[in-house]
Number of protein chains: 2
Amino acid sequence: MRDLIIIGGASAAQSAAIYAIRAGIEATVVADEYGGQINNTDKVENYLGIKSMGGPEMAEKFVEHMREYDVEEKKGLRATEVRKKDDETFEVELEDGEVLESRAVVIATGGHRRKLDVKGEEELTGKGVSYCAVCDGPLYQGEEVAVVGAGYAGTEAAAYLTDVVEKVHVINRSEGYSGEEITIKQVREAENVEHHENAQIKEIYGDPMVEGLKYEKDGEKTDLEVAGAFIEIGTVPNSGISDLVETDEGGYINVNPEMETRTEGLYAAGDVTDLGEQQLVVSAGQGCQAGLNAAEYVKEKKSES
Amino acid sequence: MRDLIIIGGASAAQSAAIYAIRAGIEATVVADEYGGQINNTDKVENYLGIKSMGGPEMAEKFVEHMREYDVEEKKGLRATEVRKKDDETFEVELEDGEVLESRAVVIATGGHRRKLDVKGEEELTGKGVSYCAVCDGPLYQGEEVAVVGAGYAGTEAAAYLTDVVEKVHVINRSEGYSGEEITIKQVREAENVEHHENAQIKEIYGDPMVEGLKYEKDGEKTDLEVAGAFIEIGTVPNSGISDLVETDEGGYINVNPEMETRTEGLYAAGDVTDLGEQQLVVSAGQGCQAGLNAAEYVKEKKSES
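Throughout this document, residue positions are counted from 1 along each chain, in the order its sequence is written. Labels are handed out in written order, letters beginning with A for the chains and numbers beginning with 1 for the ligands. Only residues with pLDDT of at least 70 get local features here, since the model is predicted, and only at 80 or more are side-chain atom pairs given and counted; chain-wide, interface and lining totals rely on the full set of residues. Computation of side-chain values covers all heavy atoms of the structure but excludes hydrogens and water.

### Brief notes about the side chain of A:Gln14
Line of reasoning, step 1. Of note, A:Gln14 is situated in helix α1 (residues 11–22).
Line of reasoning, step 2. Type-normalised accessible area, obtained with a 1.4 Å probe on protein chains alone, sets the label of each residue: buried when under 20%, exposed when over 50%, and partly exposed for intermediate values. A relative accessible area of 1% means that A:Gln14 is categorised as buried. By the criteria applied, helices consist of DSSP H or I runs no shorter than four residues and strands consist of E runs no shorter than two, each listed in order from the N terminus.

### Remarks on the domain arrangement of chain A
All names here are of chain A.
Line of reasoning, step 1. The start and end points of each domain follow an automatic or database-based domain assignment. Under the domain assignment, chain A is made up of domain 1 (2–112 + 236–304) and domain 2 (129–231).
Line of reasoning, step 2. On a C-alpha basis, the centroid separation for the pair domain 1 and domain 2 is 33 Å.
Line of reasoning, step 3. The contact rule is simple, with two residues in contact once any of their heavy atoms fall within 4.5 Å. In this complex, domain 1 contributes six residues to the contact, which on the side of domain 2 involves six residues.
Line of reasoning, step 4. Using a 1.4 Å probe, buried area is obtained as the accessible area two parts lose upon being combined, added over both of them. Around 460 Å² of area is buried between domain 1 and domain 2 when both sides are counted, 50% of it from carbon and sulfur atoms.

### Topic: the relation of the copies chain B and chain A
Line of reasoning, step 1. Least-squares superposition aligns the copies on the C-alpha atoms of those residues with pLDDT at or above 70 in both. For the pair chain B and chain A, the superposition axis carries a translation of 0.0 Å, the fit reaches an RMSD of 0.0 Å, and the rotation angle comes to 180°. Both copies are brought into coincidence by an operation consistent with a two-fold rotation axis. Minimal C-alpha distance to the rotation axis in chain B is attained by B:Gly285, lying at 2.7 Å.
Line of reasoning, step 2. Looking at the interface residues of chain B, 100% of them are also at the interface in chain A, so both copies use one shared face.

### Overview of the environment of A:Asp163
Line of reasoning, step 1. Here A:Asp163 shows up in the loop between α4 (152–162) and β12 (167–171).
Line of reasoning, step 2. Residues A:Asp163 and A:Asn192 lie 29 residues apart in sequence; the distance between their C-alpha atoms is 8.9 Å.

### Comments concerning a negative patch on the surface
Line of reasoning, step 1. The residues that make up patches have over 30% relative accessible area and no salt bridge, and they are joined within 9 Å when like-charged or within 5 Å when they are Val, Leu, Ile, Met, Phe, Trp or Tyr. Note that accessible areas follow from Shrake-Rupley with a 1.4 Å probe, and for residues the cover is restricted to the protein chains shown. We define a salt bridge as a side-chain nitrogen of Lys or Arg found within 4 Å of a carboxyl oxygen belonging to Asp or Glu. Only four residue types enter the charge count, namely Lys and Arg as positive and Asp and Glu as negative; His and the chain termini do not. The location of each charge is read from NZ of Lys, CZ of Arg, CG of Asp or CD of Glu. Taken together, the side chains of A:Asp86, A:Asp87, A:Glu88, A:Glu258, A:Glu260, A:Glu264, A:Glu296 and A:Glu300 make up a negatively charged region of the molecular surface.
Line of reasoning, step 2. With respect to the element layout, A:Glu88 can be found in the loop between β6 (79–86) and β7 (89–94).

### Some points on the sheet that holds strand β13 (residues 193–196) of chain B
Residues and elements named next belong to chain B.
Line of reasoning, step 1. When DSSP locates at least two bridges between a pair of strands, those strands are taken to pair. An order of β10-β17-β11-β12-β13 is seen for the five strands of this open sheet, with the pairing classed as parallel. Lying at the two open borders of the sheet, with one neighbouring strand each, are β10 (129–130) and β13.
Line of reasoning, step 2. Sheet topology places strand β12 (residues 167–171) next to β13; four bridges connect them, and they run parallel. Looking at the pairing, His169 lines up with Glu194 of β13.

### Let's talk about the side chain of A:Thr28
Residues and elements named next belong to chain A.
Line of reasoning, step 1. By the element assignment, Thr28 lies in strand β2 (residues 27–31).
Line of reasoning, step 2. Look at Thr28 and you get buried, because its relative accessible area is 3%.
Line of reasoning, step 3. Polar contact is the term for a pair of N or O atoms within 3.5 Å; when the atoms are in protein, one must be able to donate a hydrogen and the other to accept it, and sequence-neighboring residues count only if both atoms are side-chain atoms. A polar contact of 3.2 Å, which involves the side chain of Thr28, links it to the side chain of Arg2.
Line of reasoning, step 4. In this structure, Thr28 is in contact with Arg2, Leu4, Ile5, Ile6, Glu72 and Lys74, ignoring residues within four places of it in sequence.

### Structural notes on the sheet that holds strand β16 (residues 220–225) of chain A
Residues and elements named next belong to chain A.
Line of reasoning, step 1. Overall, antiparallel pairing links the three strands, which are arranged β14-β15-β16 in an open sheet. Sheet topology places β14 (200–205) and β16 at the edges, where each strand pairs with a single neighbour. For this sheet, the mean inter-axis angle between neighbouring strands, taken without regard to orientation, is 20°.
Line of reasoning, step 2. Sheet topology note: the strand β15 (residues 212–217)/β16 ladder contains six bridges and is antiparallel. Along β16, the bridge assignment pairs Lys217 with Glu220. Axis angles are defined between N-to-C directions and span 0 to 180 degrees, where every axis is a line fitted to C-alpha atoms and, for a helix, only to the segment in contact.

### Some words on the pairing of β12(B)
Side-chain positions along a regular strand alternate between the two faces of the sheet.
All names here are of chain B.
Line of reasoning, step 1. In terms of burial, β12 is a largely internal element, four of the five residues being buried.
Line of reasoning, step 2. Pairing analysis gives five bridges linking strand β11 (residues 144–148) to β12, with the strands arranged parallel. When the sheet's bridge partners are listed, Val145 is paired in β12 with Val168.
Line of reasoning, step 3. One crossover worth recording links β11 to the parallel β12 by way of helix α4 (residues 152–162), and it is right-handed.
Line of reasoning, step 4. When the strands point away from the viewer, a crossover counts as right-handed if the route from the first strand across the helix to the second turns clockwise. Read as a crossover between parallel neighbours, the route from β12 over helix α5 (residues 181–189) to β13 is right-handed.

### Examining the pattern of salt bridges
Residues and elements named next belong to chain A.
Line of reasoning, step 1. According to the stated counting rule, one finds 40 salt bridges over all chains in the structure shown.
Line of reasoning, step 2. Salt-bridge contacts for Lys302 lead to Asp3; the nearest nitrogen and oxygen are separated by 2.9 Å. Highlighted residues: Lys302 in helix α6 (residues 280–304) and Asp3 in strand β1 (residues 2–7), separated in sequence by 299 residues.
Line of reasoning, step 3. In this structure Lys302 comes out as partly exposed when scored by relative accessible area, which is 36%.
Line of reasoning, step 4. In this structure Asp3 comes out as buried when scored by relative accessible area, which is 6%.

### Regarding helix α2 (residues 55–66) of chain A
Residues and elements named next belong to chain A.
Line of reasoning, step 1. Its twelve residues give α2 an end-to-end C-alpha distance of 17 Å, which sits within 8% of 16 Å, the value for a rise of 1.5 Å per residue.
Line of reasoning, step 2. Taken together, the buried positions of α2 are occupied by Gly55, Met58, Ala59, Phe62, Val63, His65 and Met66. Buried residues of α2, seen end-on, are gathered within an arc of 160° and therefore sit on one face of the element.
Line of reasoning, step 3. Looking at the packing, one finds that the buried side of α2 touches α1, β2, β3 (43–44), β4 (53–54), β5 (72–75) and α6. Multiplying 1.5 Å by the residue count of a helix minus one yields the expected span of that helix. In this description, one arc is meant: the one made by directions from the helix axis to the C-beta atoms.

### Section: the environment of B:Asn256
All names here are of chain B.
Line of reasoning, step 1. One can find Asn256 in the loop between β18 (235–237) and β19 (266–268).
Line of reasoning, step 2. Overall, Asn256 belongs to the partly exposed group, its relative accessible area being 30%.
Line of reasoning, step 3. On a C-alpha basis, the gap between Asn256 and Leu275 in space is 7.8 Å, while along the polypeptide they are 19 residues apart.
Line of reasoning, step 4. A distance of 2.9 Å separates polar atoms of two side chains, one belonging to Asn256 and the other to Glu260.

### Side note on the pairing of β15(A)
Residue and element names in this part refer to chain A.
Line of reasoning, step 1. Where β14 meets β15, five bridges bridge the pair, whose relative direction is antiparallel. Looking at β15, one finds that Glu203 is bridged to Lys214.
Line of reasoning, step 2. In this antiparallel pair of consecutive strands, β14 and β15, the connection spans six residues, and Gly206 shows a positive phi of 145°.

### Some thoughts on the interface of chain B and chain A
Line of reasoning, step 1. Tallying the contact residues gives 38 residues for chain B and 38 residues for chain A.
Line of reasoning, step 2. Around 3600 Å² of area is buried between chain B and chain A when both sides are counted, 59% of it from carbon and sulfur atoms.
Line of reasoning, step 3. The largest contributions to the chain B side of the interface with chain A come from B:Arg22, B:Leu48 and B:Lys51, which together make up 22% of the buried area.
Line of reasoning, step 4. Applying the counting criterion to the chain B and chain A interface returns ten salt bridges.
Line of reasoning, step 5. Our count for the contact surface shared by chain B and chain A stands at 22 residue pairs in polar contact (both at pLDDT 80 or more).
Line of reasoning, step 6. Only α1 (11–22), α2 (55–66), α5 and α6 (280–304) of chain B provide two or more residues apiece to the side of chain B that touches chain A.
Line of reasoning, step 7. Charged residues are taken to be Asp, Glu, Lys and Arg, nonpolar residues to be Ala, Val, Leu, Ile, Met, Phe, Trp, Tyr, Cys and Pro, and polar residues to be all remaining types, Gly included. Its residues assigned to classes, the side of chain B that touches chain A comprises 16 nonpolar, twelve polar and ten charged.

Rendered as structure tokens:
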């Protein structure tokens with residue numbers, strides 16, 4: 001039986017692992033891949049102590065830091081379920097059928113990009129429809145692209161793309177941008193951004209690659225020719241992994257400030273929780289908290305048995 | 001009238017400043033000095049993304065990061081009081097009598113070392129009595145010193161000093177060490193540590209410098225000759241700055257997970273609060289939260305007026 005299984009491949013998981021191991025227990029990290037959403041981020045400039053760094057590079061730095069410690073890594077495998085075997089034991093099932101047992105679990109599975117759910121989206125994914133401006137933006141140099149969404153993710157994507165492509169069309173279901181004002185200002189001041197507000201996307205079309213999209217505004221349909229469509233309408237928490245937790249209406253796992261879920265010994269941290277801003281430094285802090293509390297719990301259980 | 005005054009010179013304050021300014025408001029940081037308790041820390045190895053760095057160096061990195069943004073710095077001045085002028089306005093009084101006004105305030109004042117409160121302690125402070133092993137430890141090469149306390153701070157200090165001085169006597173009011181197990185192990189495995197448990201310090205003596213201390217154990221007095229005494233019995237929150245907050249019995253400011261105190265527009269973050277572990281990465285996360293929420297509050301108030 002393992003001490004602690006941490007499910008997740010990004011900052012919350014890695015901070016939890018560091019703190020748990022430093023606190024004297026063993027930790028196993030299960031992740032299908034490392035880095036999470038900062039892999040999709042151009043530059044991170046708000047993680048205290050690191051002025052400016054590319055997202056993937058920072059993701060790597062975090063993994064390297066974790067590897068300073070003797071962590072067991074189960075990489076490349078998604079955990080599919082967390083359940084209880086008995087009072088003292090959690091079971092974590094992996095996608096290949098293997099079942100790991102542990103005294104405690106931290107769920108730090110983050111979120112994934114929300115899909116738009118319109119005609120053409122699925123067929124054209126990877127053929128002009130993208131969920132990662134930073135990954136795929138450079139493919140569209142000299143071309144016009146659309147960013148769908150003007151919330152935090154959409155604004156970040158638009159800001160990034162203004163420097164990369166010929167022209168950015170922001171397609172916004174409502175009005176105005178939201179996000180960090182420093183980024184909003186960047187988008188507003190860019191000369192190659194056109195903002196389409198109150199616009200409902202109806203279809204993305206093209207064969208074999210994206211050629212354009214159709215949206216409706218005030219009852220009128222507009223056809224916009226673009227070579228790429230970046231869907232940036234937020235994230236969905238990866239919380240469907242266990243019935244042992246409660247979630248809010250958005251699917252985020254309810255935790256208290258100690259990062260405890262409703263099940264003793266089961267913790268959650270980072271973007272999958274209903275607590276705090278979805279920011280790297282917040283996730284790292286929550287990971288610390290979850291790792292320390294899980295370690296304390298595990299040590300107590302061990303001393304009892 | 002200023003937008004936001006952030007009181008404090010360490011990670012919570014600096015993270016709050018970065019996030020507030022990025023969110024589009026102005027921020028003034030008031031601090032008597034920068035760095036806070038990591039200035040007293042030998043090596044920081046648990047701040048995700050930075051494998052290992054000296055405390056003072058990391059403190060500098062944090063300040064440099066903050067200075068990437070257009071923050072107003074009131075350095076070298078302690079804030080003595082936070083009060084309300086009227087519904088919309090906070091007043092922050094500085095020790096030179098200047099009064100600053102702002103719409104919102106973040107208290108991120110951290111804590112200071114707890115005093116032992118025994119005979120000789122005050123007279124001999126700076127003459128062998130120290131509250132900072134990292135600062136003063138190197139003065140005692142080849143000598144025997146005492147560390148008073150075996151909690152988190154005491155254990156860290158002892159671990160550091162084992163490599164620096166001839167012999168470390170840990171004087172512990174109770175039994176066992178607490179702290180990160182990785183550090184406890186280091187202390188336990190060191191050959192130059194003697195652990196005096198269940199020992200009550202009665203006096204520190206010497207003229208003009210520390211020559212030793214006296215402690216009582218099971219009714220018996222022991223005289224221990226040491227050249228230095230490091231008092232490491234935890235911290236006291238610097239929360240006496242305002243009547244606008246509630247504190248718990250330890251003096252820590254009550255905040256909710258949004259870092260709000262009981263007064264609208266007044267936030268607290270970091271070690272001065274009753275929330276979360278006293279860890280750098282937790283403070284930085286809380287600073288982010290406080291900075292973002294304060295910025296939102298300020299923007300709302302401005303749009304109303």
